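Commentary on secondary and tertiary structure
This is what each chain is made of:
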Amino acid sequence: MIAQIQGRDKDLEDQVQRRTHDLLMAKEAAEAANQAKSAFLANMSHEIRTPMNAIIGMTRLALDLEPEGKLLHFLRAVQTSADSLLVILQDILDLSKIEAGQLILHSQIFQLRRVLENVISTMNIPALEKGLALYYVVADDIPRAYRGDDLRLRQVLINLVGNAIKFTESGQVDIAVSPMEAAMDEGCSLLFSVHDTGIGIASEQQERIFNAFEQADGSYVRKYGGTGLGLAISKELVELMGGTLWVESDLGMGSTFYFTVRLERVTDEELAKHTAPSMPLDAAMSSLNILVVDDNDVNRDLVQLMLEKDHRISAAADGMEALQLLAGPKRFDCVLMDVQMPIMDGLTVTRIIRAIEQGKPLPKTIDTDLQKRLALRLGGGSLPIIAMTAHAMSDDQRMCLEAGMDDYVTKPFQPEQLYMALINQPQVNRQQADSTVEMLPERTQELENSIAPFDPATLEEVRLFLQRSSCLDAEQVERALATFRQNLLCLLDDCTRTLAQKDFKQLAESGHTIKGSLLQAGLERWAWVAQQLVDQSNLQAQEKDAGSLMELLQSLKQGLRLFLRDLAQTNTSSVAADAAKSTEVQGATGTAETEGEGIAQQPAAVSTQASKAVLILDDDPFVSNMASSVLEHLGYQPTTASSGEEALLIYEQALRAGEPYALVIVDANLPVGMSGADAAKALLRLHPQARLLACSGDREDPLMTDFRSFGFRGALAKPYTISAMGKAVAAALHEEPLQSSST
């Protein structure tokens, strides 16, 4: 008997252990499945948000250009569809956050009526389209301000009002707010109601509608659309805010959704402190040097288009390229950093920057010379870094902040979000206050001494830049590179000769032309060395002493040696073929130019459409060719001139033919003959209605900073890119023409 009891007990224990084990395995499997689902939703959110950022952002920028007619209709349709898709995406992401326990409320002071007015403003257009009245009513004894998550409260109201509008064909939708109970020490509850005169909900369906992916009737999905997530998410949000959500409705009699939330009361004194006058966006910051790091070229262009009106933008396609730029001569005020990138991701590059600033060991090994230059540039500082990512889960935000980033902007974003993220960085404001003091003298000397460790320029680097910044195909890039090499070799020889002759004025002019070419080729760090050569030459013109000029020139030659050598090897195989082709063409046409002829024939000057014809005045053939290629891509018809005298003759020919150029792009620094300012005066004397655009690689040139006083319509900094050129030319062409009497 005892043995039977013991045996039965052991069987029961075994069963309990087996069932416990099975339950544990089932629990782990369920948790794994839930984690897999959350990871899948997060990854899908990232993949969808990246192209959505381009669609929404580019559409917004296109609408800012004030299009008309069908184009305006098409763009608004794209914007509406994109906004709808974003709402669906956000609903799915919110549901994933709720299920993963990652949705966190953020508490801040807000005014209740402003939240309600914002909801009415947002939903008024769809209400008016259906002929519905939309309004709100607030009880008299409701306080002005509360502390809580106003964004999530607004989300619940918009969900409920949106549903009410969707299911109401005539009548009205109204929001009412009343106190749920008397105010207490720490908070109070408010009762919100959203009433409509729509189709109503059957009693047996009223519980189902709060389940995810469900609506009252399957036919509504076909007739009214929607994911069935809005009410489920609203219910979860209301419960997170300490309240409940329910509905009262009858078929054909409309519906009223009620919900309560618990908020903390805010006194008028606290509200007054919180709402102190703030600086307007356009006055909050002067022009910043911003580095945009993103592997998606469309997103890089989008950020540049959003910000370049007020700020100077540089771009990098991955973290390693970003580090190279940060180690260069340009001082950056802020970095907008994508998180997920090839070669080196945003989190890693941020950790490297923070380690270098604090003098700590690096989390990842990088080139020793690069590390030294980064330490020279970043050591002891605190460069603002703003995450700019399609990852939108709270864990992603936590990882960004833990890596050392200062803020977090989720794609897709609007320009206002980027501006607010910049304004909210105290480091940016502090750096702006000191922006007139570029660098301490001893710091400048350190940087000058570090010229030699700059990475040599490479052929692939220049090729890549030309492909990104312009519309050139592979063959056009190689032709541009051949022109660049020939021009650069001549200029370097001129520098060597003029330095030996101690002709510092001519040396400065050659150095300036080299700088412009290097900028257009994307070699910014070596363009900086060329600028040092110009500055030192101007100083030595008074002292008549070569000083450190030879060292600067040798550094420049050494840095460009690898690029010039590789380019020479690449071009060698094609020289004979090009020569043969040139001979064949000349023999067939009989129009070979005479060597030394001052002005090339320009038949296009009198045959182009006046609204599209653009004259480019620049002494550098490489820069002229690049500008021509970009303008052709933008739909314009460019002609080039290498001197002011040549430009005057070409413009006069077009003027006599009755087809003056729509625009003349004038280089500010022309080393031979007329200066840029003199050429502008002469062109305006010839044709007072001429439209002129000043260009230079030096943003501080008087023709750039005070262009209107010289008769220019705008200023465009080198290097030329498609986006920058397009905006500058369009702006100059759309200005009202000057009156003849003003010249």
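Just so we're clear, the structure is a prediction, and the values are computed from it rather than from any experiment.

Description of the packing of helix 10 (residues 319–326) against helix 12 (residues 368–378)
Running from amino to carboxyl end, helix 10 crosses helix 12 at an angle of 55°, the nearest separation of the two axes being 9 Å. Classified by the angle between their axes, helix 10 and helix 12 sit oblique to one another. Residues M320, L323, Q324 and L326 of helix 10 form the contact with helix 12, whose own contacting residues are L370, R373, L374 and R377. Class assignment of the residues belonging to the contact of helix 10 with helix 12 gives a composition of 5 nonpolar, 1 polar and 2 charged.

Here's the deal with the confidence of the model for the protein chain
Averaged over all residues, the pLDDT of the protein chain is 76; the fraction at 70 or higher stands at 75%. In the predicted structure, residues 218–223 sits below a pLDDT of 50 and forms 6 contacts with residues beyond four places in sequence or in another chain. Under a pLDDT of 50 for its full length, residues 276–284 has, in the predicted model, 6 contacts with residues more than four places off or in other chains.

Concerning the pattern of salt bridges
Evaluation of the coordinates by the stated rule reveals 13 salt bridges. The partner of E239 in a salt bridge is K235, with the nearest N and O atoms 2.8 Å apart. Within this pair, E239 and its partner K235 are both found in helix 6 (residues 230–240), separated by 4 residues, close to a single helical turn. Taking the relative accessible area as the measure of exposure, E239 reaches 39% and is therefore partly exposed. A salt bridge links D618 to K718; the nearest nitrogen and oxygen atoms lie 2.8 Å apart. You can see D618 sitting in the loop between strand 13 (613–617) and helix 22 (621–633) and its partner K718 sitting in the loop between strand 17 (714–717) and helix 26 (722–734), a full 100 residues away along the chain. Comparing D618 with K718, the two get one shared label, buried.

Here we look at the pairing of strand 3 (residues 145–148)
Pairing of strand 1 (residues 108–111) with strand 3 involves 4 bridges; the strand directions are antiparallel. Bridge assignment links I109 to a residue of strand 3, and that residue is R147. Looking at chain direction, strand 3 and strand 7 (residues 255–266) are connected through 3 bridges and run antiparallel. Across the sheet, residue R147 finds its bridge partner in strand 7, namely E264.

Describing the sheet that holds strand 17
Taken together, 5 strands build an open sheet; the order of strands is 14-13-15-16-17 and the sheet is parallel. The open sheet has two free edges, formed respectively by strand 14 (637–641) and strand 17, since each of these has just one partner strand. Neighbour-to-neighbour, the strand axes of this sheet turn through a mean angle of 25°, independent of strand direction. Pairing of strand 16 (residues 692–696) with strand 17 involves 4 bridges; the strand directions are parallel. Paired with A694 across the two strands is A715, which belongs to strand 17.

Concerning the pairing of strand 7
Pairing analysis gives 9 bridges linking strand 5 (residues 188–196) to strand 7, with the strands arranged antiparallel. Counterpart to H195 in the pairing with strand 7 is T256. Sheet analysis places strand 6 (residues 245–249) next to strand 7, joined by 5 bridges and oriented antiparallel. Directly across from S249, in strand 7, lies its bridge partner S255.

Regarding the sheet that holds strand 12 (residues 407–410)
Strand order across the open sheet formed by 5 strands is 9-8-10-11-12, with parallel pairing between neighbours. Each end of this open sheet is capped by a strand with a single partner; those strands are strand 9 (312–316) and strand 12. Adjacent strand axes in the sheet meet at a mean angle of 20°, parallel and antiparallel pairs treated alike. Two elements, strand 8 (residues 289–293) and strand 10 (residues 334–337), share 4 bridges in a ladder whose sense is parallel. Bridge pairing in strand 10 links V292 to L336.

Quick word on the packing of aromatic side chains
Counted under the stated rule, the structure contains 4 aromatic pairs. With centroids separated by 4.8 Å and ring planes inclined at 0°, the aromatic side chains of F192 and F259 adopt a geometry described as stacked. In this pair, F192 sits in strand 5 while F259 sits in strand 7, placing the two residues 67 residues apart along the sequence. Considering the side-chain rings of W246 and Y258, the 5.5 Å spacing of their centres and the 15° angle between planes classify their relative orientation as stacked. Here W246 is found in strand 6, whereas its partner Y258 is found in strand 7, with 12 residues between them in sequence. The aromatic ring of Y636 is capped on one face by K612, whose charged end is 5.0 Å from the ring centroid.

About the cut-offs
- Residues numbered from 1 in each chain as written.
- Predicted model: local features only at pLDDT ≥ 70, side-chain atom pairs only at ≥ 80, totals over all residues.
- Heavy atoms only, no water.
- Axes fitted to C-alpha atoms, helices over the stretch in contact; angles between N-to-C directions.
- Helix = DSSP H or I, 4+ residues; strand = E, 2+ residues; numbered from the N terminus.
- Parallel < 35°, antiparallel > 145°, perpendicular 65-115°, else oblique.
- Contact = heavy atoms within 4.5 Å.
- Nonpolar A, V, L, I, M, F, W, Y, C, P; charged D, E, K, R; others polar.
- pLDDT = per-residue confidence, 0-100.
- Salt bridge = Lys/Arg side-chain N within 4 Å of Asp/Glu carboxyl O.
- Buried < 20%, exposed > 50% of the residue type's maximum accessible area, 1.4 Å probe, protein only.
- Pairing = 2+ DSSP bridges.
- Phe/Tyr/Trp six-rings, centres within 6.5 Å; stacked < 30°, edge-to-face > 60°.
- Lys NZ or Arg CZ within 6 Å of the ring centre and 35° of its normal.

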